[in-house]
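Given next are the chains, with one letter for each unit.
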Amino acid sequence: TMFNDFEDISKISSIYYNSSEAALSFHIGVTLALDSLRRSGKNIILHTFDTNKDTIKTHKLIASKVLDKMDIIIGPLYAQNFNILCKKYGNDKGKIIINPLSKLTKSVKKYKSVHQISPSVKDQSVIIKNKIIKKYKNKRVILLHQNKEKGIALYIQNLFRKEKKNVKL
């Protein structure tokens, strides 16, 4: 629906980037949640900034001091820009910094004001392994993966080995 008002639809492909879908979906979800909160009487003001994954834009945004007035900062979505933000605000006790989609946690764990929404791949693997061990201990398990995910698959297979459960890749 973001392009409903466009008369010349041939220009849409030059504006819309598939790699932006996660950010757009997240923004729509936040907007819907805020609408509900506002209807219940909460006074929430949302400021949206698009850095286009550009570290220079992130540095400029931070230097502008506009974020100094914010109570909660969600994002940036990409780890490199999020790390830049954390260096400035990560230990600010007056702020809550939310890492919304990234599963990369190692470099931001040290900051006291940072909260991770999406668990790391390792945390997700442990949760899934525990569920399978609890509910399906006597069932056969095969783990399917793409070539680029072989390292994760081997990690999960090793988690099961520690539980004395054989899992085939």
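Structure report, in brief. Position numbers for residues start from 1 in each chain and track the written sequence from start to end. Per-residue local features of the predicted model are confined to residues with pLDDT of at least 70, and side-chain atom pairs are confined, for both listing and counting, to 80 or more; whole-chain, interface and lining totals are unaffected and use all residues. Hydrogens and water molecules were not included; the side-chain quantities draw on all heavy atoms of the structure.

The way it works is that DSSP assigns letters per residue, a run of H or I at least four long becomes a helix, a run of E at least two long becomes a strand, and they are numbered from the N terminus. Within the protein, the regular secondary structure consists of six helices and five strands. Categorising residues by exposure relies on relative accessible area from a 1.4 Å probe, with only protein chains included: less than 20% of the type maximum marks a residue as buried, more than 50% marks it as exposed, and the intermediate range marks it as partly exposed. Here the protein holds 169 residues, and 27% of them are scored as buried.

Contact geometry for helix H5 (residues 121-136) and helix H6 (residues 150-162): axes closest at 10 Å, N-to-C directions at 40°. Regarding the angle of H5 to H6, the classification is oblique. Viewed along their axes, H5 and H6 form a crossing whose handedness is right-handed. Two secondary-structure elements touch here, H5 through Val121, Lys122, Ser125, Val126, Lys129, Ile132 and Ile133 and H6 through Ile152, Tyr155, Ile156, Leu159 and Phe160. Classification convention: Asp, Glu, Lys, Arg as charged; Ala, Val, Leu, Ile, Met, Phe, Trp, Tyr, Cys, Pro as nonpolar; all other residues, Gly among them, as polar. Looking at the contact of H5 with H6 residue by residue, the classes come out as nine nonpolar, one polar and two charged. Working convention: axes come from line fits to C-alpha atoms, limited for helices to the stretch in contact. Angles between N-to-C directions cover 0 to 180 degrees. An angle counts as roughly parallel when it lies under 35 degrees, as roughly antiparallel when it exceeds 145, as roughly perpendicular when it falls between 65 and 115, and as oblique in every other case. Should the near helix be turned counterclockwise from the far one by less than a right angle, the crossing is left-handed, whereas a clockwise turn marks it as right-handed. In this description, contact between two residues means that some pair of their heavy atoms is separated by no more than 4.5 Å.

A word on H6. Taking 1.5 Å per residue as the helical rise, H6 with its 13 residues ought to reach 18 Å, and the 18 Å between its terminal C-alpha atoms agrees with that figure. Along H6, the residues classified as buried are Ala153, Ile156, Gln157, Leu159 and Phe160. Axial view of H6: buried residues confined to an arc of 150°, hence all on one face. In H6, the exposed positions that point more than 90 degrees away from the buried face belong to Gly151 and Lys162. On its buried side, H6 packs onto H5 and strand E5 (167-168). Multiplying 1.5 Å by the residue count of a helix minus one yields the expected span of that helix. As used here, the arc belongs to the directions running from the helix axis to the C-beta atoms.

Buried Ala, Val, Leu, Ile, Met, Phe, Trp, Tyr and Cys residues form a nonpolar core when they are joined through side-chain atoms within 4.5 Å. Counting 14 residues, the largest nonpolar core has Leu67, Ile73, Phe82, Leu85, Tyr89, Ile97 and Val114 as the members making the most contacts within it. For this core, the secondary structure elements donating two or more residues are helix H3 (55-63) and helix H4 (79-89). Counting residues per element, this core draws most heavily on H4, at five residues. Look past the residues within four positions of Ile73 in its chain and what remains in contact with it is Leu67, Leu85, Tyr89, Lys95, Ile96, Ile97 and Ile98. Listed in part, the eight residues of the second largest apolar core include Ile132, Val141, Ala153 and Phe160.

A few words on the packing of aromatic side chains. We call Phe, Tyr and Trp rings a pair once their centres come within 6.5 Å, taking the six-membered ring for Trp, and we label the pair stacked below 30 degrees between planes, edge-to-face above 60, and tilted otherwise. Evaluated as defined, the whole model comprises zero aromatic pairs. By definition here, charges over rings are those cases where NZ of Lys or CZ of Arg is within 6 Å of the ring centre and within 35 degrees of the ring normal. Taking the ring centre of Tyr78 as reference, the NZ or CZ of Lys53 above it sits at 4.6 Å. In this arrangement the basic side chain of Lys88 is found over the ring face of Tyr89, its NZ or CZ atom lying 5.7 Å from the centre.

We define a salt bridge as a contact between a side-chain nitrogen of Lys or Arg and a carboxyl oxygen of Asp or Glu at a distance within 4 Å. Applying the stated rule across the entire model yields two salt bridges. The partner of Glu163 in a salt bridge is Lys129, and the shortest N-O contact between them spans 3.2 Å. One end of the pair, Glu163, is in the loop between H6 and E5; the other, Lys129, is in helix H5, with 34 residues separating them in the sequence.

Attention now goes to a nonpolar patch on the surface. On the surface, Ile72, Ile74 and Ile96 cluster together into a nonpolar patch covering about 250 Å² of accessible area. Here Ile96 shows up in strand E2 (residues 96-99). Like charges within 9 Å and nonpolar side chains (Val, Leu, Ile, Met, Phe, Trp, Tyr) within 5 Å are joined into patches, using only residues over 30% in relative accessible area that form no salt bridge. Per-residue and other accessible areas follow the Shrake-Rupley method at a 1.4 Å probe size, with only the shown protein chains counted as cover for residues.

Moving on, we get to the packing of H3 against H4. Close contact between H3 and H4 brings their axes to 9 Å; oriented N to C, the two are set at 20°. In terms of axis orientation, H3 runs roughly parallel to H4. Judged by the sense of rotation from one axis to the other, the crossing of H3 with H4 is right-handed. Residue-level contacts link Thr55, Thr58, His59 and Ile62 of H3 to Gln80, Asn81, Ile84, Leu85, Lys88 and Tyr89 of H4. When grouped by side-chain class, the residues that make up the contact of H3 with H4 number four nonpolar, five polar and one charged.

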